[in-house]
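# Remarks on the overall topology
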Amino acid sequence: MQHQTAVKSIRVLIVDDHSLFRRGVVRLLESEPDIEIAGSCGTVAEALNLLAANPADIVLLDYDLGAERGSDLVAAMHARGIKAHVLAVTAGVSPRQAMELMQHGVAGIFPKTDSPETLLEAIRKVNTGEAWLKQDHVKMLVQTLNEPPATEEKSFSARERAVLRGVVEGLANKEIAAELQISESSVKAALQQIFNKTGVRTRSQLVRVALDKFRDVVV
């Protein structure tokens, strides 16, 4: 008799001030065998209490929580050492707000106009440590980077620059390899060098650092 390996559930907390939206997302996620609901609420205080009592892997966080901002919760999570990945779910953000979210440490920005299937894809991708940014959000972020590059410089090779741009655009290693016409192992080697030079460990961290400190490389 064969024993199947149990799939670890992705624990998701939904934070949105619209109860109808929360209920819809709960119903969607409950139907997925690899996703478990860690709770749902509408305020920063409620979210912090739930996270303290019932840790989550992913926080689906509305940017506009009425009198509060989603970035308030992200800052509070960092202050308390809560390590969950945050996927900002929003009806729309400005370029400056998108930059604020990424600088506060969210793993991605998900438009509420996208499909339920795309939301499931985003949750699973963010859970692996990758970033979720649609092309229009990448363009929005780049539009805010008009000031001179930060003084902290790193020496990147032409290949590392190209791979870094691919990561910021949300491409997987295989897609970057196809675009640059190099092997996937070459992409992985370049990516490891970029990780070493920037001191980060995950792709989502790399996107934030690239947009914050190395914008001359990705623009």
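Refer to the structure printed above.
Here's a quick rundown of the structure. (Residues numbered from 1 in each chain as written. Predicted model: local features only at pLDDT ≥ 70, side-chain atom pairs only at ≥ 80, totals over all residues. Heavy atoms only, no water.)

### A closer look at the overall build of the protein chain
- Counting secondary structure elements, the protein chain contains 11 helices and seven strands.
- Counting only carbon and sulfur atoms, one obtains 50% of the accessible surface of the protein chain, whose full area is about 11,300 Å². (Helix = DSSP H or I, 4+ residues; strand = E, 2+ residues; numbered from the N terminus. Areas by Shrake-Rupley, 256 points an atom, 1.4 Å probe, with all protein chains shown as cover.)

### Looking at the nonpolar core
- In terms of nonpolar packing, the biggest core is built from 48 residues, with Val15, Val59, Leu61, Leu73, Met77, Val163 and Leu206 touching the most fellow members.
- In this structure Val163 touches Ile176, Leu180, Val187, Ala190, Leu191 and Ile194, once residues within four positions along its chain are discounted. (Core = buried A, V, L, I, M, F, W, Y, C linked by side-chain atoms within 4.5 Å. Buried < 20%, exposed > 50% of the residue type's maximum accessible area, 1.4 Å probe, protein only. Contact = heavy atoms within 4.5 Å.)

### With respect to the packing of helix H2 (residues 44-53) against helix H3 (residues 70-79)
- At a minimum axis separation of 10 Å, H2 and H3 run at an interaxial angle of 35°. Crossing of H2 against H3: the hand is right-handed. Counted together, Val44, Ala47, Leu48 and Leu51 of H2 and Asp72, Leu73, Ala76 and Met77 of H3 form the full contact between these two elements.
- Looking at the contact of H2 with H3, its residues break down into seven nonpolar, no polar and one charged. (Axes fitted to C-alpha atoms, helices over the stretch in contact; angles between N-to-C directions. Left-handed = near helix turned anticlockwise from the far one by under 90°. Nonpolar A, V, L, I, M, F, W, Y, C, P; charged D, E, K, R; others polar.)

### Quick word on the packing of helix H7 (residues 158-168) against helix H10 (residues 203-213)
- Packing of H7 against H10 leaves a shortest axis separation of 9 Å and a crossing angle of 110°. By the criterion of interaxial angle, the relationship of H7 to H10 is roughly perpendicular. Taking contact as the criterion, the partners of Leu164, Val167 and Val168 in H7 are, on H10, Arg203, Leu206, Val207, Ala210 and Leu211.
- Tallied by class, residues from the contact of H7 with H10 come to seven nonpolar, no polar and one charged. (Parallel < 35°, antiparallel > 145°, perpendicular 65-115°, else oblique.)

### What about the sheet that holds strand E3 (residues 58-62)?
- Read from one edge of the open sheet, five strands run E2-E1-E3-E6-E7, paired in parallel fashion. Looking at strand neighbours, the two that pair on one side only are strand E2 (35-41) and strand E7 (108-111), the edges of this open sheet. Each strand axis lies, on average, 25° off the axis of its neighbour in the sheet, ignoring direction.
- Across six bridges, the pairing between strand E1 (residues 10-15) and E2 is parallel. Pairing of Ile10 across the sheet is with Ile35, part of E2. (Pairing = 2+ DSSP bridges.)

### Structural notes on the pairing of E1
- Most of E1 is tucked away: six of the six residues are buried.
- Alternating residues of E1 divide into Ile10, Val12 and Ile14 and Arg11, Leu13 and Val15, and every residue in both groups is buried.
- Handedness of the crossover is the feature at issue here: the chain leaves E1, passes through helix H1 (residues 19-30), returns alongside E2, and the resulting connection is right-handed.
- In this structure, E1 lies alongside E3, joined through four bridges in parallel fashion. Each bridged residue has a counterpart across the sheet, and for Leu13 the counterpart in E3 is Val59. (Right-handed = clockwise from strand over helix to strand, strands pointing away.)

### Section: the pattern of salt bridges
- This model, assessed by the stated rule, comprises seven salt bridges.
- One salt bridge in this structure joins Glu32 and Arg124, with 2.7 Å as the shortest N-O distance. Of this pair, Glu32 sits in the loop between H1 and E2 while Arg124 sits in helix H5 (residues 116-127), placing them 92 residues apart in sequence.
- Under the relative-accessibility criterion, Arg124 is labelled partly exposed at 28%. (Salt bridge = Lys/Arg side-chain N within 4 Å of Asp/Glu carboxyl O.)

### Concerning the packing of aromatic side chains
- Counted under the stated rule, the structure contains zero aromatic pairs.
- The side chain of Lys112 reaches across the aromatic face of Phe21, ending 4.3 Å from its centre. (Phe/Tyr/Trp six-rings, centres within 6.5 Å; stacked < 30°, edge-to-face > 60°. Lys NZ or Arg CZ within 6 Å of the ring centre and 35° of its normal.)

### Some points on H5
- For H5, which comprises 12 residues, the first-to-last C-alpha distance of 17 Å matches the rise-based estimate of 16 Å (1.5 Å per residue) to within 8%.
- All of the buried residues in H5 are Thr118, Leu119, Leu120, Ala122, Ile123 and Val126.
- Along its buried surface, H5 packs onto E1, H1, E2, E3, strand E6 (85-90) and E7.
- At the exit of H5 stands Gly129, carrying a positive phi of roughly 100°. (Expected span 1.5 Å × (residues − 1).)

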